[in-house]
Amino acid sequence: MDSIRSSHMGTDIQHISESVFVGMCHKVGTSQLVAMRRDVMDIKDMVEIQVKTSDEYRAMLSGSQREGFRLEGSDIDYMSWLNNHRVIWELSQSQCYNTHRHTLILCDCSDSPPGFTLLYLLSPSRNRDIQRASIRINNRNYISSSKLRQIMCFDSTPHGPCASGTIGTTEYDSAHCFICDFWPPSASSWIDRCHSWPQPHVVDDIVKNGCHFVAIGHKLGSHEDHEWRISFSLAEQKLVYEMNYCQFLTYGLLKLFLTEVINNGVGDNDKLLCSYHMKTAVFWVIQQNTIPHWCPQNLLGGFWVCFKVILKWVYEGVCPNFFIPDNNMFLTKIHGDKQHQLFIRLYGLYEKGITFLLHSPSIRAYIINVLYNPRLSICTDEHTLISEAEFDINLYREIHYYNTLYNLNIQSCTRYLHTIEQMIGLPLLTQYQAIMLQKLTADVLQSIAFILHMETYTYKNKQRYRADKISCHMLKLAAKFGCITDMLYIAMYYYKTLRYMEALSIIEMIKVKLAQPYVMYRYNVNTEMYTDAVGGQFWSTKMRQAVSGDIILYTRIHYISELIPEQQSALQNGWPGLHVPPFTLLYMLEILCYRHVDTMGAQTAPDDLQTLLHIDQGQLIPLHYRDISWQILGICQQMTGNLQAALYSYQQSLRQIPFNKIQAAVQMRIDQGEFLP
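Residues numbered from 1 in each chain as written. Predicted model: local features only at pLDDT ≥ 70, side-chain atom pairs only at ≥ 80, totals over all residues. Heavy atoms only, no water.

Digging into the overall build of the chain
Here is step 1: A tally of helices and strands in the chain yields 28 helices and 16 strands.
Here is step 2: For the C-alpha atoms alone, the extent of the chain along its principal axes is close to 80 × 75 × 55 Å.
Here is step 3: When burial is assessed residue by residue, the chain has 56% of its 677 residues classed as buried.
Here is step 4: Within the chain, contacts between residues separated by at least 24 positions form 71% of all contacts whose residues are at least 6 apart in sequence.
Here is step 5: Total accessible area on the chain stands at roughly 30200 Å², and carbon and sulfur atoms take up 51% of it.
Here is step 6: The positive charge centre, built from 57 side chains, and the negative charge centre, built from 62, are 5 Å apart in the chain. (Helix = DSSP H or I, 4+ residues; strand = E, 2+ residues; numbered from the N terminus. Buried < 20%, exposed > 50% of the residue type's maximum accessible area, 1.4 Å probe, protein only. Contact = heavy atoms within 4.5 Å. Areas by Shrake-Rupley, 256 points an atom, 1.4 Å probe, with all protein chains shown as cover. Lys, Arg positive; Asp, Glu negative; His and termini not counted. Charge placed at Lys NZ, Arg CZ, Asp CG, Glu CD.)

Some remarks on the confidence of the model for the chain
Here is step 1: Residue-level pLDDT values for the chain average 91, and 96% of them are 70 or greater.
Here is step 2: The weakest mean pLDDT in the chain belongs to helix H24 (residues 599-604) at 69; the strongest belongs to helix H18 (residues 487-496) at 98.
Here is step 3: Low pLDDT, under 50, characterises residues 6-10; the stretch is placed with 9 contacts to residues that sit more than four places away or in other chains. (pLDDT = per-residue confidence, 0-100.)

Remarks on H18
Here is step 1: Buried residues dominate H18, accounting for 10 of its 10 residues.
Here is step 2: All of the buried residues in H18 are Met487, Leu488, Tyr489, Ile490, Ala491, Met492, Tyr493, Tyr494, Tyr495 and Lys496.
Here is step 3: Considering only its buried residues, H18 is in contact with helix H16 (431-455), helix H17 (461-481), helix H19 (500-514), strand S15 (551-554) and helix H23 (582-597).
Here is step 4: One or two positions beyond H18, positive phi appears at Leu498, with a value near 70°.

Looking at the pattern of salt bridges
Here is step 1: For the structure shown, the criterion picks out 21 salt bridges.
Here is step 2: One salt bridge in this structure joins Glu316 and Lys312, with 3.3 Å as the shortest N-O distance. Of this pair, Glu316 and Lys312 both sit in helix H11 (residues 299-316), 4 residues apart, roughly one helical turn.
Here is step 3: In this structure, Lys511 engages Glu590 in a salt bridge whose closest nitrogen and oxygen atoms are separated by 2.6 Å. In this pair, Lys511 sits in helix H19 while Glu590 sits in helix H23, placing the two residues 79 residues apart along the sequence.
Here is step 4: Each of the salt bridges in this network shares a partner with another, and the network as a whole consists of Asp42, Asp45, Arg58 and Arg66. (Salt bridge = Lys/Arg side-chain N within 4 Å of Asp/Glu carboxyl O.)

Some points on the packing of H18 against H23
Here is step 1: Packing of H18 against H23 leaves a shortest axis separation of 11 Å and a crossing angle of 25°. Taken together, the axes of H18 and H23 lie roughly parallel to each other. In this structure, the crossing between H18 and H23 has a hand that is left-handed. Here Leu488, Ala491, Met492 and Tyr495 of H18 come into contact with H23, specifically with Pro582, Leu585, Leu586, Leu589, Leu592, Cys593 and His596.
Here is step 2: Taken together, the residues of the contact of H18 with H23 sort by class into 10 nonpolar, 1 polar and no charged. (Axes fitted to C-alpha atoms, helices over the stretch in contact; angles between N-to-C directions. Parallel < 35°, antiparallel > 145°, perpendicular 65-115°, else oblique. Left-handed = near helix turned anticlockwise from the far one by under 90°. Nonpolar A, V, L, I, M, F, W, Y, C, P; charged D, E, K, R; others polar.)

What to know about unusual backbone geometry
Here is step 1: The omega angle of the peptide bond from Trp197 to Pro198 is -5°, so this bond is cis rather than trans.
Here is step 2: For Pro198, the position within the fold is in the loop between helix H6 (188-193) and helix H7 (200-208).

Some points on the state of the cysteines
Note: disulfide means a covalent bond formed between the sulfur atoms of two cysteine side chains.
Here is step 1: Under the counting rule described, the total for this entry stands at 0 disulfides.
Here is step 2: With no disulfide of its own, Cys180 has Cys211 as its nearest cysteine by sulfur position, at a separation of 4.6 Å.
Here is step 3: As a non-bridged cysteine, Cys295 has Cys246 as the owner of its nearest cysteine sulfur, 6.2 Å distant. (Disulfide = S-S within 2.5 Å.)

Observations regarding empty space enclosed by the protein
Here is step 1: This structure, assessed with the given rule, holds 1 cavity of 30 Å³ or more.
Here is step 2: Lining the largest cavity, in full, are Arg149, Met152, Cys153, Pro161, Cys162, Ala163, Ser174, His176 and Ala215.
Here is step 3: Among the elements of the structure, helix H5 (145-152), strand S9 (162-167) and strand S10 (170-180) are those that each provide at least two residues to the lining of the largest cavity.
Here is step 4: Its residues assigned to classes, the lining of the largest cavity comprises 6 nonpolar, 2 polar and 1 charged. (1 Å grid on protein atoms, 1.4 Å probe; cavity = no way out; pocket = protein on both sides within 12 Å on 5 of 7 lines; lining within 4 Å. Points joined across faces, edges and corners; volume = space filled by probe spheres on them.)

Describing the packing of aromatic side chains
Here is step 1: What the rule picks out here adds up to 38 aromatic pairs.
Here is step 2: Considering the side-chain rings of Trp304 and Phe356, the 5.9 Å spacing of their centres and the 25° angle between planes classify their relative orientation as stacked. Within this pair, whereas Trp304 is found in helix H11, its partner Phe356 is found in the loop between helix H12 (336-352) and helix H13 (361-372), the two being separated by 52 residues in sequence. Grouping residues by exposure puts Trp304 and Phe356 together as buried.
Here is step 3: Over the face of the ring belonging to Phe69 we find Lys255, whose NZ or CZ atom lies 5.2 Å from the ring centre. (Phe/Tyr/Trp six-rings, centres within 6.5 Å; stacked < 30°, edge-to-face > 60°. Lys NZ or Arg CZ within 6 Å of the ring centre and 35° of its normal.)

Structural notes on the side chain of Ser145
Here is step 1: Inspection of the secondary structure assignment puts Ser145 in helix H5.
Here is step 2: A residue is classified by how much of its surface remains accessible, and Ser145, at 0% relative accessible area, is buried.
Here is step 3: Apart from the residues lying within four places of it in its own chain, the contact partners of Ser145 are Ala215, Ile216, Gly217, Glu224, Asp225, His226, Glu227 and Trp228.

Concerning the packing of helix H2 (residues 31-51) against helix H14 (residues 388-401)
Here is step 1: With their axes 10 Å apart at the nearest point, H2 and H14 run at an angle of 15° to one another. As summarised for this structure, H2 and H14 are arranged roughly parallel, according to the angle between their axes. Between H2 and H14 lies a crossing of right-handed hand. Taking contact as the criterion, the partners of Gln32, Leu33, Met36, Arg37 and Val40 in H2 are, on H14, Phe391, Asn394, Leu395, Glu398 and Ile399.
Here is step 2: The residue makeup of the contact of H2 with H14, split by class, is 6 nonpolar, 2 polar and 2 charged.

Concerning the pairing of strand S12 (residues 228-231)
Here is step 1: Pairing analysis gives 2 bridges linking strand S5 (residues 116-121) to S12, with the strands arranged antiparallel. When the sheet's bridge partners are listed, Phe116 is paired in S12 with Arg229.
Here is step 2: In the sheet, strand S11 (residues 211-214) pairs with S12 via 3 bridges, with the strands oriented antiparallel. Following the sheet pairing, Phe213 is matched in S12 by Ile230. (Pairing = 2+ DSSP bridges.)

Let's talk about the layout of surface pockets
In this approach the atoms are scanned with a rolling probe the size of a water molecule, which exposes any empty space left behind.
Here is step 1: Taken as a whole, the second largest pocket spans an internal volume of roughly 890 Å³.
Here is step 2: Along its surface, the second largest pocket is lined by 32 residues, and Asp45, Met46, Ile49, Asn209 and Lys238 are the ones closest to its centre.
Here is step 3: Counting only elements with at least two residues in the lining of the second largest pocket, the list comes to H2, strand S1 (57-62), H7 and helix H8 (233-242).
Here is step 4: Grouping the constituent residues of the lining of the second largest pocket by class yields 12 nonpolar, 8 polar and 12 charged.

Observations regarding helix H9 (residues 245-262)
Here is step 1: Across its 18 residues, H9 extends 24 Å between first and last C-alpha, which sits within 8% of the 26 Å expected from 1.5 Å per residue.
Here is step 2: In terms of residue burial, H9 counts as a mostly covered element, since 17 of its 18 residues are buried. (Expected span 1.5 Å × (residues − 1).)

Side note on the nonpolar core
Here is step 1: In terms of nonpolar packing, the biggest core is built from 110 residues, with Leu395, Tyr396, Met492, Met588 and Leu589 touching the most fellow members.
Here is step 2: Non-local contacts of Met588, meaning those with residues more than four positions away in its chain, are made with Ile560, Glu562, Leu563, Ile632, Ile635 and Cys636.
Here is step 3: The next biggest cluster of nonpolar side chains, apart from the first, holds 96 residues, and it includes Ile16, Phe69, Phe257 and Ile363. (Core = buried A, V, L, I, M, F, W, Y, C linked by side-chain atoms within 4.5 Å.)

A few points about the pairing of strand S3 (residues 85-88)
A regular strand carries its side chains on alternate faces of the sheet.
Here is step 1: Of the two faces of S3, the one holding His85 and Val87 and the one holding Arg86 and Ile88 are both buried throughout.
Here is step 2: Sheet topology note: the S3/strand S4 (residues 103-108) ladder contains 4 bridges and is parallel. Following the sheet pairing, His85 is matched in S4 by Thr103.

In structure tokens form, the structure reads like this:
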């Protein structure tokens, strides 16, 4: 393989490939981990599709997170669209819709570059944002992409077609778009091109699911401010799923190469190549069957072929979109002096051969290891690369991260339960999807219990008694489905319904369970003790006996009155729920209950939480949850009369990462408290 220019390494390139394969498995995750991540996200998405009504917004995780990557520093990409708005390509397609329920939008590509279109409203939209974004062109109502983008980005930063922001330390891009159930006519050649990859049934599935339109125009188009770009995000996700594991790692290696080598030290405005170009190169290489064998021994060979494709594109100034090749994705960005300088830089890397990967911090050690130890035996068996405990850490992280529900009421909770019940019996349900559905069930049952209690204030005694029995039963059932800390919802409910001794009994039980040395919380676990205690058991058993998770207090559901101001503050900032570390809530509930049954205990109890906040290094109270934890400590201190300590805690809350968006509630408590001596 002379083009890889590696003979001077003095080591077999296949041996280096194997070592890099192992490194990528550690960086990206094993194939089992990637499959698990996808399964968890897919089942959540399947549930959401069934639950959402036709007039609600739908949201979809997209980009590298949805594809199965969890690379450090990667942002999170979302797409959202109105479910009762549909785009069509020709008027005859309007027969597929009930125009009383759907607002139809017609594509007008007559004066737009390939891959772009204007969107013409066939009937008035009832959505206020769409109305505000409408403009008149040739006596027709069109939706202006720039106007809608401006409206949707009112409290965030515009980034291409997206609204960008930060959640804790994680950046996100959210694209408001429109959905079309039909495949674009301009992409019909892609269907004819799919001879060997992807398989025909995948092609049919992709075509059946249509496309989206995101709010950005072509810089050289006649209507740049009003055009929309055709997005194939869903199709791309399905294509990435169709990659074998080595192809997926090649894509991951290209992403790392882009971040750590090409764009390293380059300002944002000078980053000409992006991750989408890398993905496009992999798609073309796979479909053209350039590489006969994608395997660990040939990982660098596949990477090298993709790199040469990118080098050729930069030289020619043409990067053909995978679905619409006439859409040159370099046209407005990579040309002239910038194109020449980028080519010179990439060609300099090409002349170094594969050794340029030594500039990648993620991969360097694995290459050097083989260079210094040419006879080193490399084991590429993935099962040896991750322990059972490590896999479980990742599994429960995914389950807790993606089980957040929004805007819950009794009706939506009922739809969730009905949908989950139907899916539990699906024959193709994977083990990861089953455990995700189990946790979703626990979440929904907990929500129903508290919503029922909120709605029974006007009920008669007998009705309230029945509702209370149902709520208690659901919370106990949820605790059987969920993890250890799901029992905290029972303690909250008992406190809310004035059963303080019962709540304290549950709290003591939780304390005993959490004190076990094998209990897992986030990435913190003694792997040996965990494996000895629950190794080899079903994941549902492990979750119930050895896993603790964060408590989510949805902003529209009242759990305990003492945190309603914080929930309202989060709600006003568009935040769906407070994320509270389990130990923080545990100590708070203990203090609240002691105030009614043991006043001396209530005086001393805040000391435990205060000590934890001062000594914890992010293990039991993650850094991005310290805002709510300091706030809760302040609330408890103020209740027990320690006003100066409470003021200090509130001020500390304001100094933390504003993850839970409770600043307004913090300031209100400071302003209303009598803290002056």
